[in-house]
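Chain by chain, the residues:
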Amino acid sequence: MEILVCVKRVPDTAENEIEINSEGNDIERDDLVYSVNEWDNYAVEEAIQLVDEHGGSVTVITVGDDESEEVLRREMAMGAENGILLSDDAFEGSDGRGIAAILKAAVEKGNYDLILTGAQADEGYAQVGGMLAAMLDYPYASLVNMIKPGDGKLKIGREIEGGNQEVNEIELPCVLSIQTGINEPRYVGIRGIRKVASVDIPTMGASDLGLDAGSVGQGAARVRRLDYFVPEMGEGAEMLEGSTEEIIDKLIELLKSKGGIK
Amino acid sequence: MAQIFAYILHSDGVLDDTALELLAAAKKIDASADVTAIVTGKGIDDVCGKVAESYKTVWKIDNDAISYPNAEVIRKALVNILPSDAIVLMAHDTFGMDLGPGLSIKLDSAFAADVVDIEGVDGNTLKLIRQEFSGQASTHVDCDISTGAIINVRPGVFAPSGGQAGEVVDKSGELGDLSAKRKFIEILEAEAGEVDITKSEVLVSVGRGIEDEDNIEMVFELAEAMGADVSCSRPIVDAKWLEKARQVGTSGKTVKPKVYMALGISGSFQHLGGLKGNPFIVAVNKNPKAPIFQVADVGVEADILEFIPELAEKIQEL
Ligand SMILES: Cc1cc2nc3c(=O)[nH]c(=O)nc-3n(C[C@H](O)[C@H](O)[C@H](O)COP(=O)(O)OP(=O)(O)OC[C@H]3O[C@@H](n4cnc5c(N)ncnc54)[C@H](O)[C@@H]3O)c2cc1C
Ligand SMILES: Nc1ncnc2c1ncn2[C@@H]1O[C@H](COP(=O)(O)O)[C@@H](O)[C@H]1O
C-alpha cells in the first residue's frame, strides 16, 4: 500500500502558554516550541504499522514554510520513507480549502492508495481531510481509530460519541482522518533524527504543482481570521490566594461544605 | 439573504439538544429568517412532527440508504436538493465533522467549524467567533457567504430557541443516486470498566499535566483520602495510563458529580462536554490563563505534582 500522510507544524500547546501579542493580530511566537500536530503523529504511526505488515511505503507531506521541514524529518525518523514540502509565498494565508487544494495537486502527482490526515490541528477546524477527499472524489471517514486492510478496501472504526465505535467498510483509494489513541506513536530519539538529517526533501511550489496561484492563498480564502483576543472570562473562577498552606486550608473548607470530602 | 438550513440530529425518535440550539444560531445570522430544518433517516414522520413544532419548514428525507446516518450518503442527497447558496448549520460533533467539510466542497461553499458565536451578517460576510489552540485564544472570523456556507456550530454554546410551528415537506423523491463507497456495518459499544464514573458524586480528574504514568499513583491517594473516584481527560487514556471507562468527555463518559476536581486539565470543549449537572468545579493548573478557569468555581494556580501530595496529606490528617 502506498500511503501519504499529511502533517502540520503547530505550536505545542502542551509545552506552551499561548499569549496574544499587544496588537492582537497574532500570538507571541518568539519563545514558542513547535512540534508536529499531535493527531498527525498517530496517523504516521498507523501508516508505518500498515506498511510493516502489508508492504508499501509511507510518504509524509506538509504545506508550510522552510521551518516545516523539521516536522517532515521528525516523521521520517519515525520510519516514513519520503518527505515532500509544499512551499510557496502564494500559499500563505490559505484557508482549509486552499490547503486541501494544494495537497490535492500533490496527490495527483503520485499514486497513493491511502491518504491519512489528523482529525484536527491547532486551529480546531477538522476540515482538511474531508475537503481533500471531496476534491479527489475519494470516499472519506473521519475520526478513525481502527484500520484493517482487506481486498481493495478497508474495514475501519470511527470513534463516535460516548466512545462507541462505528464500523464501516471503505473502498480504496480513500482519505481517513485519524483520531488519537488508535496506536502508541513510537518515540523518536536524537539519533533517529540525525540519521535522516541529510536525506533530500523535495520542495514544490505552485508552478511545480500546476496550481494557479490565485486559486490558493490569502486572496482565495473564503474564511479569514481577523485577530486574536482573550474572551471575557464571564464569572470565572475564584482564585485562591496565599501560601500553599493557606490555599489548602481554604480549599478543604470549601470541599467539605460542598460534599467533596466524605 | 440566502436560505438558512439546520441539519437536525436525532436518535431513537428523540431530538438531539442541538436541534433547537441551531435555531438560536440561525436567528443570530438573521433574526427574521424562516429556517428550514433537514431531517434524514428511515421512518421519521414522528421526528419530523416534533421538529415542525419549532421550525417553519421541515424537509423530510426518508430513505433506506440512510436509516443509519452515513455522512457519505447523506452528502450526496444534500448536494442534490440544496440550493447552491444555502447556509447550512449543523452541530460540530462526530457526524458534523464527517459531513461538513466534504459538503462544502461539493456545494462550492465556504466552511467554518466549531463556531462558538455569531455576530451577524454584513453584506456577503458572515461574522463569526471561534477559538484556536484548544480554547486558549479566541478569534473573530469573516466568512464569505456569497456562494453559500456550511457552518459547524459547537454543541452547547447557543441557548436553545423556541420557534413557530410549521409544516413538513417530503423531499424523499428528489435524492438521486445514493450509492457510496463507504458502507456502515455496525456500532460496537464502549466496554464497561472497573468503576462507573457516571455514578460518582465526587471525581478527582487528572489530565496531561500529570506528566508521567508514575504520578498517577498520587491522584489515587488523593481520591482515596477524599472518598472520591478517579477520572481523567483523553490524553491519559490515549497514553494507556488509565482505562477508557474513566475518560470524561464527548468521546468518553458523561458525568454528573456534585464536586469535580480538574487537575492539570486545560478545559477543552470536548472534555467539558462530558460534565453535566452543574457540579462545583475546582481547577488546579499551573497556567493562570487555562480555559478551565473560565468554567471552574474555584481555581488554584499551582504545579499539581507538588500540590496533590500536599493536599492529600492534609486531608488524611483530618
Ligand atoms: C472528536 C474529539 C473527541 C474528543 N473527546 C475528548 C473527550 O471525550 N475527553 C477529553 O478529555 N478530550 C477529548 N478530546 C481531546 C481534547 O480536544 C483535548 O485534546 C484534551 O481534552 C486535552 O486534555 P488535557 O486537558 O488533559 O491536556 P492539555 O490540553 O494538554 O492540558 C494540560 C493542562 O495541564 C496544565 N499543566 C501542565 N503541567 C502541569 C503541572 N505540572 N501542574 C499543573 N498544571 C499543569 C497545562 O497548563 C494545561 O492546561 C477529543 C478531541 C476530539 C477531536
Ligand atoms: N498545512 C498543512 N499541511 C499538511 N497537512 C495539513 C495542513 N493543515 C492541516 N493538515 C492536515 O489536516 C489535518 C486536520 O487539520 P485541520 O483541518 O486544520 O484541523 C491535520 O491533522 C493534517 O493532517
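Quantities reported herein were computed from a predicted structural model and do not represent experimental measurements.

Calculation notes
- Residues numbered from 1 in each chain as written.
- Chains lettered and ligands numbered in written order.
- Predicted model: local features only at pLDDT ≥ 70, side-chain atom pairs only at ≥ 80, totals over all residues.
- Heavy atoms only, no water.
- Helix = DSSP H or I, 4+ residues; strand = E, 2+ residues; numbered from the N terminus.
- Expected span 1.5 Å × (residues − 1).
- Buried < 20%, exposed > 50% of the residue type's maximum accessible area, 1.4 Å probe, protein only.
- Contact = heavy atoms within 4.5 Å.
- Buried area = accessible area lost by both parts, 1.4 Å probe.
- Salt bridge = Lys/Arg side-chain N within 4 Å of Asp/Glu carboxyl O.
- Polar contact = N/O pair within 3.5 Å; in protein donor to acceptor, adjacent residues only side chain to side chain.
- Nonpolar A, V, L, I, M, F, W, Y, C, P; charged D, E, K, R; others polar.
- Domains from an automatic or database assignment.
- Pairing = 2+ DSSP bridges.
- Axes fitted to C-alpha atoms, helices over the stretch in contact; angles between N-to-C directions.
- Near = heavy atom within 4 Å.
- Areas by Shrake-Rupley, 256 points an atom, 1.4 Å probe, with all protein chains shown as cover.

1. Let's talk about helix H3 (residues 96-107) of chain A
Residue and element names in this part refer to chain A.
Here is step 1: The terminal C-alpha atoms of H3 lie 16 Å apart, and with twelve residues this matches the ideal 16 Å at 1.5 Å per residue to within 8%.
Here is step 2: Burial runs high along H3: ten of the twelve residues are buried.
Here is step 3: Within the span of H3, buried status applies to Gly-96, Arg-97, Gly-98, Ala-100, Ala-101, Ile-102, Leu-103, Ala-105, Ala-106 and Val-107.

2. Here's the deal with the interface of chain A and chain B
Here is step 1: Between chain A and chain B, the contact holds 78 residues from the first and 85 residues from the second.
Here is step 2: Three residues, A:Tyr125, A:Arg222 and A:Phe229, lead the burial of chain A against chain B; their summed loss comes to 8% of the area buried on that side.
Here is step 3: On the surface where chain A and chain B come into contact, there are eleven salt bridges.
Here is step 4: Ionic pairing is found between B:Arg234 and A:Glu159, a salt bridge with its closest N-O pair at 2.6 Å.
Here is step 5: The tally of links from chain A across to chain B stands at 48 residue pairs in polar contact (both at pLDDT 80 or more).
Here is step 6: Sorting the residues of the side of chain A that touches chain B by element identifies helix H1 (38-54), helix H4 (128-136), strand E7 (140-149), strand E8 (153-159), strand E9 (165-171), strand E12 (223-225), strand E13 (238-239) and helix H6 (244-257) of chain A as the ones contributing at least two each.
Here is step 7: Ranked by the residues each element gives to the side of chain A that touches chain B, the list is headed by H6(A), at ten residues.
Here is step 8: Of the residues that constitute the side of chain A that touches chain B, the class distribution is 35 nonpolar, 19 polar and 24 charged.

3. Comments concerning the domain arrangement of chain B
All names here are of chain B.
Here is step 1: Domain annotation for chain B reports domain 1 (4-174) and domain 2 (197-317).
Here is step 2: The C-alpha centroid of domain 2 is placed 34 Å from the C-alpha centroid of domain 1.
Here is step 3: Between domain 1 and domain 2, the contact holds eight residues from the first and four residues from the second.
Here is step 4: Summed over both partners, the interface of domain 1 with domain 2 comes to about 480 Å²; 61% of that surface belongs to carbon and sulfur atoms.
Here is step 5: Considering only the surface of domain 1 that becomes buried against domain 2, Ser-134, Gln-136 and Arg-154 emerge as the three largest contributors, covering 59% of it.

4. Some words on the sheet that holds E8(A)
Here is step 1: Here ten strands make up an open sheet; going across it, the order is E11(A)-E5(A)-E4(A)-E1(A)-E6(A)-E10(A)-E7(A)-E8(A)-E9(A)-E13(B) and the pairing mixed. Among the strands making up the open sheet, the edge pair consists of strand E11 (203-204) of chain A together with strand E13 (182-188) of chain B.
Here is step 2: Of the strand pairs in this sheet, strand E5 (residues 82-86) of chain A and E11(A) are connected by two bridges, and their pairing is parallel. Across the sheet, A:Leu86 pairs through a bridge with A:Met204, a residue of E11(A).
Here is step 3: Against the sheet, H1(A) contacts strand E1 (2-6), strand E4 (57-63), strand E6 (114-118), E7 and strand E10 (174-178) of chain A, and its axis sits at roughly 170 degrees relative to E1(A).

5. Topic: the site of ligand 1
Here is step 1: Lining the immediate surroundings of ligand 1 are 31 residues, of which B:Ser233, B:Gln247, B:Ser251, B:Ser266 and B:Asn285 lie closest.
Here is step 2: Ligand 1 sits at the junction of chains A and B, each of which supplies nearby residues.
Here is step 3: In the model, an oxygen atom of ligand 1 is placed 2.7 Å from a nitrogen or oxygen of the B:Asn285 side chain.
Here is step 4: Out of a free accessible area of 980 Å², ligand 1 has 94% covered by protein chains.
Here is step 5: The class makeup of the residues in the shell around ligand 1 is nine nonpolar, 17 polar and five charged.

6. A few points about the domain arrangement of chain A
Here is step 1: The assigned domain composition of chain A is domain 1 (2-220) and domain 2 (236-262).
Here is step 2: For domain 1 of chain A and domain 2 of chain A, the distance between their C-alpha centres works out to 44 Å.

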